[in-house]
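Listed below, chain by chain, are the residues.
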Amino acid sequence: MTPAAPSGFTDHTFKSASGAELAVRVWPAETPQSQPAPFVIWTHGGGWFGGFHFAPLPWMVPGFRQRGYHFVSHNYRLAPQARVDDQLADCLEAVTWCRANLPSIIGTDQVNVDQYVLCGESAGGHLATLMALHLANPPPKAVVDVYGVVDFLSMKAFGPLEQRPNRATQGPWKGKFSEETLNKLLRDRDRSNVLTDALPWNEFERLTDTEISNLWATDFRYTERVLQQAELHMMHSLSRSADGLHVGIMHNEKFESEEELMAFVRSMSPLRVLQQGVEEGRTGPDLYPPTAFLHGTCDVDVPVEQSYAMAGVLKSAGVPVIECYEEGEAHVFDLKYTGPSVPGWDTYIEPIISFVDKHVRA
């Protein structure tokens with residue numbers, strides 16, 4: 001299922017420090033406000049190569065807007081032209097932009113820009129949890145990590161060489177573009193070729209670009225560049241190719257040694273940074289904001305053990321945590337949660353929203 005954009009939004013763009021045009025979509029809170037309301041900023045997933053900001057996961061907009069939160073989505077430069085720290089920089093700029101501009105969009109007396117929540121799923125969960133380590137004055141009131149990668153070093157792509165996903169062990173590539181063409185794109189560092197919204201997987205096989213434009217409420221076309229990006233992601237996803245992470249996302253050619261690369265990877269792994277913070281004696285809000293985890297226990301793309309580990313570190317340091325793990329579910333299982341009447345909403349979605357509300361409005 002490809003999510004559709006809820007109605008009631010406005011679209012905005014800004015030029016980032018990199019020179020790239022980035023986009024923001026804003027949904028004001030649905031319920032009347034007796035005081036300025038907080039906002040949730042959502043960072044999309046898509047394996048750092050794909051994904052889009054046009055339509056959040058189905059539960060997010062109704063879940064938060066009906067509880068009196070403004071909801072914001074944003075995009076960022078995608079790999080392989082942008083490295084993961086470039087993506088982090090874009091995400092941090094989006095928060096800064098929102099705090100500076102939401103009052104003029106929604107109303108000065110309608111939004112409290114000091115009360116904000118970071119939310120993201122998959123690669124967006126990684127970026128949201130990483131953002132929380134860099135934002136201060138004020139920090140986010142809460143973080144919602146939806147099956148996000150929090151430790152690159154525990155992924156198979158950084159395991160023993162013989163266990164790493166390898167295109168050579170798989171069958172011939174049968175996409176529209178040749179493997180040679182896609183491998184050349186994987187190593188493309190020309191910033192003028194960068195995309196900021198893309199297909200998350202094989203939507204081009206199931207939907208026309210007119211249909212997806214209608215779903216996302218924007219004009220999105222299946223250009224050759226867009227289709228190449230989709231196939232690049234499919235060929236070099238985390239479960240299929242260690243090169244996707246090493247070459248496309250980390251730009252390993254820019255490091256002079258393996259040790260230098262590993263130091264960078266640790267700095268991009270929220271769990272490792274938090275562990276170091278605990279070793280330095282940091283606890284509670286000095287370490288990290290209250291955090292909610294949503295994950296399926298049978299996720300093979302991002303093992304649930306990643307959430308277990310980060311939740312454990314936070315709890316040991318006195319950081320408030322809520323964990324919602326749905327048994328037997330795989331990656332991106334929460335598309336089924338389209339509203340409060342859906343079975344499981346009260347078990348997996350409502351507790352997260354209530355947890356956020358408790359810590360934002362305390």
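What counts, and at which threshold
Residues numbered from 1 in each chain as written. Predicted model: local features only at pLDDT ≥ 70, side-chain atom pairs only at ≥ 80, totals over all residues. Heavy atoms only, no water. Salt bridge = Lys/Arg side-chain N within 4 Å of Asp/Glu carboxyl O. Helix = DSSP H or I, 4+ residues; strand = E, 2+ residues; numbered from the N terminus. Buried < 20%, exposed > 50% of the residue type's maximum accessible area, 1.4 Å probe, protein only. Contact = heavy atoms within 4.5 Å. Pairing = 2+ DSSP bridges. Axes fitted to C-alpha atoms, helices over the stretch in contact; angles between N-to-C directions. UniProt positions renumbered as here; feature names shortened; annotations may be inferred. Polar contact = N/O pair within 3.5 Å; in protein donor to acceptor, adjacent residues only side chain to side chain.

*Asks:* When you look at the pattern of salt bridges in this model, what are you seeing that I'm missing?
*Replies:* Side chains that differ in sign of charge can pair as their charged atoms come close. In this structure the tally under the stated criterion is 19 salt bridges. Between glutamate 30 and arginine 65 there is a salt bridge, and its shortest N-O distance comes to 3.6 Å. In this pair, glutamate 30 sits in the loop between β2 (21-27) and β3 (37-43) while arginine 65 sits in helix α1 (residues 60-65), placing the two residues 35 residues apart along the sequence. Taking relative accessible area as the criterion, arginine 65 reaches 9% and is therefore assigned buried. The shortest N-O distance in the salt bridge between arginine 272 and aspartate 151 comes to 2.8 Å. Here arginine 272, found in helix α10 (residues 270-279), pairs with aspartate 151, found in the loop between β6 (142-146) and α4 (179-186); they are 121 residues apart in sequence, far enough to count as distant. On the basis of relative accessibility, which here comes to 30%, the residue arginine 272 falls in the partly exposed class. One salt-bridge network, held together by shared partners, links Arg67, Glu350, Asp357 and Arg361.

*Asks:* Looking at this structure, how should I read the environment of arginine 266?
*Replies:* Secondary-structure assignment places arginine 266 in helix α9 (residues 258-267). Overall, the relative accessible area of 41% leaves arginine 266 in the partly exposed class. Once the C-alpha coordinates of arginine 266 and proline 320 are considered, the two residues, 54 residues apart in sequence, prove to be 24 Å apart. When neighbours within four sequence positions are excluded, arginine 266 is seen to be in contact with Leu153, Arg272 and Val273.

*Asks:* Explain the sheet that holds strand β5 (residues 111-121) here, please?
*Replies:* Strands belonging to one sheet form pairs held by backbone hydrogen bonds; the direction of such a pair is parallel or antiparallel. Spatially, β1-β2-β4-β3-β5-β6-β7-β8 is the arrangement adopted by the 8 strands of the open sheet, whose pairing is mixed. The strands lining the two open edges of the sheet, one partner per strand, are β1 (10-15) and β8 (321-326). Taking the axes of each pair of neighbouring strands and ignoring which way they run, one obtains an average angle of 20° across the sheet. Note that β3 and strand β4 (residues 70-74) share 5 bridges and pair parallel. Across the sheet, valine 40 pairs through a bridge with phenylalanine 71, a residue of β4.

*Asks:* I tried to follow the UniProt feature "domain: BD-FAE-like" (unreviewed entry) in the protein chain on my own but got confused; where do I start?
*Replies:* The UniProt feature table records "domain: BD-FAE-like" (unreviewed entry) at residues 33-160. The span residues 33-160 shows a helical share of 30% and a strand share of 22%, and its end C-alpha atoms are spaced 54 Å apart.

*Asks:* Is there a simple way to explain the side chain of histidine 12 in this structure?
*Replies:* You can see histidine 12 is positioned in strand β1. A polar contact of 2.7 Å, which involves the side chain of histidine 12, links it to the side chain of threonine 10. Excluding residues that lie within four positions of it along the chain, histidine 12 makes contacts with Leu22, Ala23, Val24, Val26, Trp97 and Ile105.

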